[in-house]
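The residues making up each chain are set out below.
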Amino acid sequence: MNAFFSFLWDNLQQFFGYTAFASFTYGHAIMILIGLTFLYLAITKDWEPMLLVPIGFGIIIGNIPFLEGLSIGVYEEGSVMNILYQGVRLGFYPPLIFLGIGAMTDFSALISNPKLMLIGAAAQFGIFGAYGLALLFGFPANEAGAIGIIGGADGPTAIFLSGRLAPDLLGAIAVSAYSYMALVPVIQPPVMRLFTTRKERLIRMRPPRAVSQREKIIFPIVGFLLTAFLVPSGIPLLGMLFFGNLLKECGVTRRLAETARGPLIDIVTILIGLTVGASTQADKFLQFRSIQIFILGALSFVIATTAGVLFVKFFNLFLKEGNKINPLIGNAGVSAVPDSARVSNNVGLEYDKSNYLLMHAMGPNVAGVIGSAVAAGILLGFLS
Amino acid sequence: MGKKLYIILTGVLLLFGARAAAQSQSDMRLNEILVNNTDDYEDDYGHKHGWIELFNTSRGTVDIGGCYISNDRNNLKKYRIPKGDVLTKIKPRQHIVLWADNMPLRGTFHVNFTLTETDVLYFTSSNGRDIVDSLHFPTGEGPFPVMDYIADSDGVRIETKGSIAAYPVDNVSYGRLMDGETTGGDSGWAFLVKTTPSSNNVILDSEAAAQRFKEFDPVGIIMAITAMSVVFVALMLLYLIFKQIGRAAVRSGRKKAARAGIIPHEDEIPGEVYAAIATAVHLYIQQGEVHDVENTILTFRNIKRNYTPWNSKIYGLRKQ
C-alpha cells in the first residue's frame, strides 16, 4: 500500500514538473500581464484590435513556460508555432500583407494632388532620426537600422527589415511599432499643435479632382518601375504593394483583388500577429535593450510627425494663396494608414467644424507607405 | 475562354521551366583548381590528387547531375557527372570539389582525367553543347604573381604577395580572387596565396558594411542625408510624372466634355458637399449602429422595413 502511494506521489511530482507552474517566473507573469493589457486596450478601447488581439494573445501563448524538447515553443525547430513563425523569420508575411494593402488602397487622393507625395517622403526623417539616436545609444549599425524603421509606422515593413538586419530584436521592434501605431491618436496631436499656428490649422485645401481609371492603372505600374529601379532591395514590399493596387484598379481581376484584400490579408494578419506575439518570450524580451527600443520608437514617431508638419510649413512658402496645404496633414506622412489621416481630420475639425481634411490627408498617408518601403530598401541595401 | 487560359498558362509554365533549368546550370562557374597535390586536400579514400572546384553563383540550388566536365575542346562530353546523386544538388553560393585523378570508379566526383594532361578545362551543361565556363590556366616557365584579396578597415583591394617561378608547382592553386567573379588578375583568376577547396576563396565579413558605416558615420548624418535624398528623389520623380499625367488627363477630359457639348467647371462639386456626405455617413454609422467591428470597412446594408400594407408594394418594386 505504501509503495502504491509512493508511486502515485512520484507520478504526481513528475506531472507537476511538466506543468507550467513548475518553471513559472516573474518574467512570464509580466509578459502575460502585457499581453492581457494589449487585449484590454484592443477590446475595450478599440485600439488597433485587428493587430493587438492576435499580438496580445500571442504574447500569452509565448509566455506559458513548458519543458523544452517537446517541440512546443516558437523557437523550437519543427513545432507548429515555429513553422508558422517562418513567415516572420524568412519575411514572407510582410509582402503578402502589402499585397492586401495595395488591393485595398485608393491612391486617388495622391494622384489628384501628387505634390502630397513629398510629405510622405519628409516624414521618413523619423526613421533616420531614430537610426542616429540608436547609434548614440550604442546599438550596432544594422540593429540601429532595424530600430529606426519603427519611425516608418508600418508594421509589416518593420518586421521585414528587422527580420533581415536584426532578427534578435524582431519581437521588441514589432511590438513597439504596432503599439505606437495604436497610440498615434495620443502621440501626434500635441506635436501637431506645437508646430502650427491657429491660422495655419484653418487653411482650407482645394477639393481633389476626379481621377480617371486610366490614371489609377498607370500609377502602380509607373510607381513600381520608378521606385524598384531606384531601390531594388525594396522589391518584395514595393512589388507586392503596387501589384495589389493594380489588381484593384485594372478592373478585370476583381476576384483576385477581393481575395488579396479580404481572406488573404486576414489570414496573414492572424498568423503574423500571433507569431510575433509568441516570439516575445520573457527571457528574450525582458531586457534593457527592449526598453531602449521602446524609447527610440516613441522618439521616432515624434520626429516623423514633426518632420512632416514642418515640411508642409516650408513647402507652403513656395505655394500660392489658395493652393496652400494645411500643415495638419503633415503628420499623415508617417503612414500608419488610416489612423494618422484620421488624426489629421479630427484635429482639423477641432478648429473648424466644417474643414474635413481626411481626403487630403490620405494622400501623404499612402505616400508614407511607399516612402517607408523605399527607406527600408535603402537601409537593407546599405546595412545588410 | 477557359481552354485558352489553360493553354497560355501551360505554355508560360513550360517556357519558364525550361528557362529556369538552363539558367540554373549556367550559374555554375569553375572556381579554383589545384594541379599538383602532395600536401593538400584528401579525398574520402585518404589520397591526394589534383582537384577542380565548382561554385554555384546563384541564389538557388543547382543540380549539376548530367553536366559534363572535360579537358579536351574536341570532346566536351569526356566526363558526365552522374544523375541521381543527391550530392550533385549544389546549394546557393556553395562549392563542390571534383577529383582529377582519372579514377571514375571511385564515385560521382572522381573524373576520368587529370589536370596535368592539358592546360584547359570545360564545364558544359547537360545538353552537351553549351559551354557554361571554360579555363585556360598558365603552365610552363613564369614568373607568375601570387595574389590575395584583402578586405579590412582600409577597404577591399587586391594585393600581389610574391610569385612562383613556374607552374605547375606543388600545392599552389589557381583560382578566382572573388568566388564566381571576373574582377582582378587574369579575368578574375590568379595564383592564390592559399588553397581553399570547398570554401570561399575570400571571406568577406557580412557585418563589415554595417560596421564600416558606423565607423564613418557615428551619428547617422551621412545615412540620413543619403537615404532621405533617395526617398525624396523617388517620390519627387513620381510627383513630376503624375503631375504631367494629371494635366494630360484633365486636358483629355475637357476635350471629351467639349465634344459632348458639356461646359466644364473647375469645382463641379464644392467641398461643402463632400463634408455633408461625410457627416451624413458618420451620423448614420454612429446613430444607426449599423457599422460592424472592422475599422477600415464601411458596410451599407439594406434597410429592413417593417411590413405594412402601405409600404410593401413600394419596397418590393424598389428592390427590383
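Below: a short report on this structure.

1. What about the overall build of chain A?
Link 1 in the chain: Looking only at helices and strands, one finds 20 helices and 0 strands in chain A.
Link 2 in the chain: Its C-alpha atoms put chain A at 95 × 45 × 40 Å along the principal axes.
Link 3 in the chain: Across the 384 residues of chain A, 55% fall into the buried class.
Link 4 in the chain: Long-range pairs, those at least 24 residues apart, make up 74% of the contacts in chain A between residues at least 6 apart in sequence.

2. Re the overall build of chain B
Link 1 in the chain: Looking only at helices and strands, chain B has 5 helices and 13 strands in total.
Link 2 in the chain: Every one of the 320 residues in chain B was classed for burial, and the buried ones make up 25%.
Link 3 in the chain: Taking the contacts inside chain B whose residues are at least 6 apart along the sequence as the reference set, 55% of them involve residues at least 24 apart.

3. Here we look at the sheet that holds strand β9 (residues 131-136) of chain B
Residue and element names in this part refer to chain B.
Link 1 in the chain: With respect to topology, 4 strands assemble into an open sheet ordered β5-β4-β8-β9, the strand pairing being antiparallel. Across the chains shown, the open sheet's two edge strands, defined by having one partner strand only, are β5 (79-80) and β9.
Link 2 in the chain: Note: strand β8 (residues 120-124) against β9, 5 bridges, orientation antiparallel. Of the residues in β9, the one forming a bridge with leucine 121 is leucine 135.

4. Thoughts on the interface of chain B and chain A
Link 1 in the chain: Residue-level contacts link 38 residues of chain B with 41 residues of chain A.
Link 2 in the chain: Where the side of chain B that touches chain A is concerned, the elements lending two or more residues are α2 (208-216), α3 (221-259) and α4 (271-288) of chain B.
Link 3 in the chain: Element by element, the count of residues in the side of chain B that touches chain A is highest for α3(B), at 22 residues.
Link 4 in the chain: Per-class residue counts for the side of chain B that touches chain A are 29 nonpolar, 5 polar and 4 charged.

5. What about helix α2 (residues 26-44) of chain A?
All names here are of chain A.
Link 1 in the chain: The end-to-end C-alpha distance of α2 is 26 Å, a good match for the 27 Å that 19 residues give at a rise of 1.5 Å each.
Link 2 in the chain: Restricting attention to buried positions, one finds in α2 the residues His28, Met31, Ile34, Gly35, Phe38 and Ala42. The arc enclosing the buried residues of α2, seen along the axis, measures out at 125°, which places them on a common side. Opposite the buried face of α2, by more than 90 degrees, sit the exposed residues Tyr26, Ala29 and Thr44.
Link 3 in the chain: Elements in contact with the buried residues of α2: α3 (49-62), α16 (254-278) and α17 (282-285).
Link 4 in the chain: Directly beyond the C-terminal end of α2, a positive phi value near 60° is found at aspartate 46.

6. Notes on the packing of helix α5 (residues 93-104) of chain A against helix α10 (residues 155-165) of chain A
Residues and elements named next belong to chain A.
Link 1 in the chain: Two elements in contact, α5 and α10, have axes whose closest approach is 8 Å; the angle formed by their N-to-C orientations is 155°. On the basis of the axis angle, α5 is roughly antiparallel to α10. As α5 runs across α10, the sense of the crossing is left-handed. Taken together, the residues of α10 that come into contact with α5 (itself represented by Pro94, Ile97 and Phe98) are Pro156, Thr157, Ile159 and Phe160.
Link 2 in the chain: Taken together, the residues that form the contact of α5 with α10 break down as 6 nonpolar, 1 polar and no charged.

7. Description of unusual backbone geometry
Link 1 in the chain: Residue B:Pro168 is reached from B:Tyr167 by a cis peptide bond, and omega for that bond is 5°.
Link 2 in the chain: Its location among the elements puts B:Pro168 in the loop between β11 (155-167) and β12 (173-176).
Link 3 in the chain: With phi around 60°, A:Asp46 is a residue other than glycine that occupies positive phi space.
Link 4 in the chain: Mapping A:Asp46 onto the fold places it in the loop between α2 and α3.
Link 5 in the chain: Positive phi values are uncommon outside glycine, yet B:Asn102 reaches one of about 55°.
Link 6 in the chain: Position of B:Asn102 among the secondary structure elements: in the loop between β7 (95-100) and β8.

8. Section: the nonpolar core
Link 1 in the chain: Membership of the largest hydrophobic core comes to 140 residues, with the highest contact counts inside it found for A:Ile147, A:Ile173 and B:Leu235.
Link 2 in the chain: Counting residues per element, this core draws most heavily on helix α20 (residues 358-383) of chain A, which supplies 16 residues.
Link 3 in the chain: Each residue touching B:Leu235, except ones within four places of it in the same chain, is listed here: A:Met117, A:Leu118, A:Gly120, A:Ala121, A:Ala367, A:Ile370 and A:Gly371.
Link 4 in the chain: Core analysis: the second largest hydrophobic core is formed by 39 residues, B:Val35, B:Leu121, B:Phe144 and B:Ala190 among them.

9. A few points about the packing of α5(A) against helix α15 (residues 235-249) of chain A
All names here are of chain A.
Link 1 in the chain: Between α5 and α15, whose axes approach to 6 Å, the crossing angle comes to 30°. It follows that α5 is roughly parallel to α15 by the angle criterion. Where α5 crosses over α15, the handedness of that crossing is right-handed. Along the contact surface, α5 presents Pro94, Pro95, Leu96, Phe98, Leu99, Gly100, Ile101, Gly102 and Ala103, while α15 presents Pro236, Leu237, Met240, Leu241, Phe242, Phe243, Gly244, Asn245, Leu247 and Lys248.
Link 2 in the chain: Class assignment for the residues of the contact of α5 with α15 results in 14 nonpolar, 4 polar and 1 charged.

10. Description of the environment of B:Gly84
Link 1 in the chain: Of note, B:Gly84 is situated in the loop between β5 and β6 (89-90).
Link 2 in the chain: Distance in space between the C-alpha atoms of B:Gly84 and B:Asp101 is 22 Å, their sequence separation being 17 residues.

11. A look at the environment of A:Ala304
Residues and elements named next belong to chain A.
Link 1 in the chain: Relative to the helices and strands, alanine 304 resides in helix α18 (residues 288-316).
Link 2 in the chain: By the C-beta count within 10 Å, which is 35 here, alanine 304 ends up buried.
Link 3 in the chain: C-alpha of alanine 304 to C-alpha of alanine 123: the two residues are 181 residues apart in sequence and 4.7 Å apart in space.

12. Some remarks on α5(A)
Residue and element names in this part refer to chain A.
Link 1 in the chain: Look at α5: 17 Å from first C-alpha to last across 12 residues, which is about the 16 Å you get at 1.5 Å a residue.
Link 2 in the chain: Taking burial as the measure, the 12 residues of α5 include 11 buried ones, the bulk of the element.
Link 3 in the chain: Of all the residues in α5, the buried ones are Tyr93, Pro94, Pro95, Leu96, Ile97, Phe98, Leu99, Gly100, Ile101, Gly102 and Ala103.
Link 4 in the chain: Among the structural elements, α4 (80-89), α10, α15, α16 and α20 are those in contact with the buried residues of α5.

Rules used throughout
Residues numbered from 1 in each chain as written. Chains lettered and ligands numbered in written order. Predicted model: local features only at pLDDT ≥ 70, side-chain atom pairs only at ≥ 80, totals over all residues. Helix = DSSP H or I, 4+ residues; strand = E, 2+ residues; numbered from the N terminus. Buried ≥ 20, exposed ≤ 12 C-beta atoms within 10 Å, placed from the backbone. Contact = placed C-beta atoms within 7 Å. Pairing = 2+ DSSP bridges. Nonpolar A, V, L, I, M, F, W, Y, C, P; charged D, E, K, R; others polar. Expected span 1.5 Å × (residues − 1). Arc of directions from axis to C-beta. Axes fitted to C-alpha atoms, helices over the stretch in contact; angles between N-to-C directions. Parallel < 35°, antiparallel > 145°, perpendicular 65-115°, else oblique. Left-handed = near helix turned anticlockwise from the far one by under 90°. Core = buried A, V, L, I, M, F, W, Y, C linked by C-beta atoms within 7 Å.

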